[in-house]
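Examination of the molecular architecture
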Amino acid sequence: NAGVTQTPKFRVLKTGQSMTLLCAQDMNHEYMYWYRQDPGMGLRLIHYSVGEGTTAKGEVPDGYNVSRLKKQNFLLGLESAAPSQTSVYFCASTIAPPYEQYFGPGTRLTVT
Amino acid sequence: GQSLEQPSEVTAVEGAIVQINCTYQTSGFYGLSWYQQHDGGAPTFLSYNALDGLEETGRFSSFLSRSDSYGYLLLQELQMKDSASYFCAPCRISGGYNKLIFGAGTRLAVHP
């Protein structure tokens, strides 16, 4: 099992560009999450999904959109990137909260 | 409102015992999780306390007191590889779903 994978691992964007981050899990988990982590800070929840075809806003959803068309995939989109979105993005999944969340390796995004 | 407090840094020597405290205030509290994150890595699950008391997993133990809104992580027989950030993460029910709240974390430095 690969667990939770994220692509890409690194990306540099110019302000105003768009991109999609892909998260995939092979554990048949229902719940998936997107977090961002800024230097010296904890994780902040952007969006989450409680099952295929469902999405919901987390703590810091502005500027992001998500889709969960397939159970194993959770996509995070930035329509018009801003320097404030420079961060490390982590995807996580769990069979059911509040149990263990499995995290992907992260995507390091820089917006110039 | 919500609040989450844990020390920003802790230093200890190899072989010692260290306790990382966590106090929280949140509505819809469900339980308390702990995660470890090495520099440049992804968070990994350490423990979850649903009920008051002590949970032991090898060298790590976690404690919860719901009445005091307090928990701690106890690390015994410290090893150099334990140098990492440790996050307490209260689980709360919001919008009908459980979500984790991550604080800024405690950076543990283990010295020889």
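Residues numbered from 1 in each chain as written. Chains lettered and ligands numbered in written order. Predicted model: local features only at pLDDT ≥ 70, side-chain atom pairs only at ≥ 80, totals over all residues. Heavy atoms only, no water.

Here we come to empty space enclosed by the protein. Evaluated as defined, the whole model comprises 1 cavity of 30 Å³ or more. The calculated volume of the largest cavity comes to roughly 30 Å³. Lining the largest cavity, in full, are A:Y33, A:T94, A:P97, A:P98, A:Y99, A:Q101, B:C91, B:N98, B:K99 and B:L100. Sorting elements by how many residues they give to the lining of the largest cavity places strand β10 (residues 97-100) of chain B first, with 3 residues. (1 Å grid on protein atoms, 1.4 Å probe; cavity = no way out; pocket = protein on both sides within 12 Å on 5 of 7 lines; lining within 4 Å. Points joined across faces, edges and corners; volume = space filled by probe spheres on them. Helix = DSSP H or I, 4+ residues; strand = E, 2+ residues; numbered from the N terminus.)

Contact with chain B, which involves 20 residues of that partner, is made by 21 residues of chain A. Between chain B and chain A, the buried area comes to about 1,600 Å², and carbon and sulfur atoms account for 64% of it. If you look at where chain B meets chain A, you find 0 salt bridges. At the surface where chain B touches chain A, the tally comes to 5 residue pairs in polar contact (both at pLDDT 80 or more). Looking at the side of chain B that touches chain A, the elements with two or more residues in it are β4 (29-37), β5 (44-49), β9 (84-94) and β10 of chain B. For the side of chain B that touches chain A, the residue count by class is 12 nonpolar, 7 polar and 1 charged. (Contact = heavy atoms within 4.5 Å. Buried area = accessible area lost by both parts, 1.4 Å probe. Salt bridge = Lys/Arg side-chain N within 4 Å of Asp/Glu carboxyl O. Polar contact = N/O pair within 3.5 Å; in protein donor to acceptor, adjacent residues only side chain to side chain. Nonpolar A, V, L, I, M, F, W, Y, C, P; charged D, E, K, R; others polar.)

Counted by the stated rule, this structure contains 5 salt bridges over all chains. A salt bridge links A:D38 to A:R44; the shortest N-O distance between them is 2.6 Å. Assessed through its relative accessible area of 10%, A:D38 is described here as buried. Linking B:D39 and B:R107 is a salt bridge whose minimum nitrogen-to-oxygen distance equals 2.6 Å. Taken together, the residues span a long stretch of sequence, with B:D39 in the loop between β4 and β5 and B:R107 in strand β11 (residues 106-111) at a distance of 68 residues. For B:D39, a relative accessible area of 59% gives the class exposed. (Buried < 20%, exposed > 50% of the residue type's maximum accessible area, 1.4 Å probe, protein only.)

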